Amino acid sequence: NEYKSYLSFRRSRYCSRFLVRDPMNAASNQSDSFLTEIAEVDEPYGESESESTDPPPSELPSFETVTVDFIKNRVEVLQEAAQKTSKTEKSSSPSQSRFCQDETGSEYDTDIEEEPPEKIVYDSSGKDTYLQLCKTMDMTPSSYITRHIKDPVLSLRHLSLGCKGTIAVTNALVTNTFIENLDISDNNVGDAGAVSIANMLTENYFITELILSNNKIEKDGIAALCNVLSDHSYVKVLNLNGNGLKDDTAELIAEMLRRNYTLAKLDLGNNCLSCQGAGAICASLQTNDSLSECDLSWNNIRTKGSILVAKMLGVNMGLVSFLFSNNGLDKEGTKAMIKALKTNSSLVSLDLSNTRFDSNQMKDLGKALGVNTSLRILKLGRNVIKEADLEILLAALTASTSLYILGLEVTLNAQSSITN
């Protein structure tokens, strides 16, 4: 279309520079040489006839020829623009191109196949993460862990993981969706390992049982775990047996129990808790009805602490099993425990083995067992029990409507030995 307009303009411009016959003068028999000069069209542009170099219309190229040349010219212009854009993108892009430039600047194909983008696969077990962490931390990965990392129960007992190995495992378990029971007993994880376990629990909501016994976890590690478990609603079982916990850590655990209403089993046995630590934990258990099993055996709890434990059992309505063996009841503690059994209606199993139970109060114990309607298992082994006291217990067992197991392991006194 542009060229057609241009061609029409050129033809009209050329014709305006010649003299044409005036048909009116020809009809009036005037001379055929009478001519009328038409004003030049391009006079406004300041050109004269002598200066004009435009060829006649007959010498102008055909429309088809000009159209082909015009298209070729436009194609060349577009190709040059595309090449400039491509070079700019290649210079700014960090990715490798399959085209290279020689010394003259022209491109040639290097026949390098472009690699397809890697597919991102979600590691729901954490196995790849564990292997990569072991490589980064310059440690040998455990084949046992890689084989069982998709099992619902992962037992890592006695593997000597230490702090370093524990950090690798727990970081891998952040994305694990298979493990429900994690046992890291006797691995010397320490406080740093316990902190890594706590950090893992903030992201992992599939682990419901956590066993951390015999790992030398102290106050810093317990603080990290309690901070997470205070708001964590998935862990149901926590085992901290044999970590040498003291009264300062017991206060942290007590604060966690005030806020956590999903923990069902807590094992604090074989630690160094005294009357103060036992009192802090029992104070929180007076209002906590979610915990159903508690183990305070093998601690340093004596008479004052035993009285606090008994008061807690008298008002707590959630505990089903309570282990208090290898602590000290003595006379006052025994009296408080018998009083608690008269009012408690939820306890099913009570272990008072090796607690220096006062045998002089066996009659009161028999009366309490006759009133209690929930207790089914009572263990009094390794306490001094006389033959007369044994008869009272057997009579209470016969008369009780709920008690059907009375544990009386080998009991010694100064006069005789009774085996039951």
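Thresholds, definitions, all that
Residues numbered from 1 in each chain as written. Predicted model: local features only at pLDDT ≥ 70, side-chain atom pairs only at ≥ 80, totals over all residues. Heavy atoms only, no water. Helix = DSSP H or I, 4+ residues; strand = E, 2+ residues; numbered from the N terminus. Buried < 20%, exposed > 50% of the residue type's maximum accessible area, 1.4 Å probe, protein only. pLDDT = per-residue confidence, 0-100. Contact = heavy atoms within 4.5 Å. Expected span 1.5 Å × (residues − 1). Pairing = 2+ DSSP bridges. Axes fitted to C-alpha atoms, helices over the stretch in contact; angles between N-to-C directions. Parallel < 35°, antiparallel > 145°, perpendicular 65-115°, else oblique. Nonpolar A, V, L, I, M, F, W, Y, C, P; charged D, E, K, R; others polar. Patch = residues over 30% accessible without salt bridge, like charges linked within 9 Å, V, L, I, M, F, W, Y side chains within 5 Å. Areas by Shrake-Rupley, 256 points an atom, 1.4 Å probe, with all protein chains shown as cover. Salt bridge = Lys/Arg side-chain N within 4 Å of Asp/Glu carboxyl O. Phe/Tyr/Trp six-rings, centres within 6.5 Å; stacked < 30°, edge-to-face > 60°.

## Notes on unusual backbone geometry
Reasoning step 1: A positive phi angle is found at Asp186, which is not glycine, with a value near 55°.
Reasoning step 2: If you trace the backbone, Asp186 turns up in the loop between strand 6 (181–183) and helix 7 (190–201).
Reasoning step 3: Taking relative accessible area as the criterion, Asp186 reaches 38% and is therefore assigned partly exposed.
Reasoning step 4: Despite not being glycine, Lys216 has its phi angle at roughly 55°, a positive value.

## Description of the confidence of the model for the chain
Reasoning step 1: Across the chain, pLDDT averages 82, with 72% of residues at or above 70.
Reasoning step 2: Across residues 17–52, confidence stays below pLDDT 50; counting only partners more than four residues off in sequence or on other chains, it has 32 contacts.
Reasoning step 3: pLDDT under 50 marks residues 414–420. Its contacts with residues more than four places away, or in other chains, come to 13 contacts.

## With respect to helix 12 (residues 330–343)
Note that an α-helix has 3.6 residues per turn; residues three or four places apart therefore point the same way.
Reasoning step 1: With 14 residues, helix 12 extends 21 Å from end C-alpha to end C-alpha; this agrees with the ideal 20 Å at 1.5 Å per step.
Reasoning step 2: Of all the residues in helix 12, the buried ones are Gly333, Thr334, Ala336, Met337, Ile338, Ala340 and Leu341.
Reasoning step 3: The inward-facing, buried residues of helix 12 abut helix 11 (303–315), strand 12 (349–351) and helix 13 (362–371).

## Remarks on the environment of Gly277
Reasoning step 1: For Gly277, the position within the fold is in helix 10 (residues 275–285).
Reasoning step 2: Separated by 28 residues in sequence, Gly277 and Gly305 have C-alpha atoms that sit 8.4 Å apart.

## Re the sheet that holds strand 9 (residues 265–267)
Reasoning step 1: One open sheet holds the 10 strands; their spatial order is 5-6-7-8-9-10-11-12-13-14, and the pairing between them is parallel. A single partner strand is all that each edge strand has here, and the edge strands are strand 5 (153–155) and strand 14 (405–407). The mean inter-strand angle of the sheet, taken between neighbouring strand axes irrespective of direction, is 5°.

## Quick look at the packing of helix 10 against helix 11
Reasoning step 1: Two numbers describe how helix 10 lies on helix 11: the axes approach to 8 Å, and their chain directions differ by 10°. On the basis of their axis angle, the class for helix 10 and helix 11 is roughly parallel. Here Cys275, Gly279, Cys282 and Leu285 of helix 10 lie close against helix 11, whose contacting residues are Lys304, Gly305, Leu308, Val309 and Met312.
Reasoning step 2: Within the contact of helix 10 with helix 11, the residues separate by chemical class into six nonpolar, two polar and one charged.

## So, a nonpolar patch on the surface
Reasoning step 1: A cluster of nonpolar side chains, contributed by Tyr205, Phe206 and Tyr234, occupies part of the molecular surface with about 300 Å² of accessible area.
Reasoning step 2: With respect to the secondary-structure elements, Phe206 resides in the loop between helix 7 and strand 7 (209–211).
Reasoning step 3: Phe206 sits in the partly exposed class, given a relative accessible area of 41%.

## So, the packing of aromatic side chains
Reasoning step 1: Applying the stated criterion to the full structure yields two aromatic pairs.
Reasoning step 2: On the numbers, 6.0 Å between centres and 20° between planes, the contact of Phe322 with Phe324 is stacked.
Reasoning step 3: With a relative accessible area of 0%, Phe322 lands in the buried category.
Reasoning step 4: A relative accessible area of 0% places Phe324 in the buried class.

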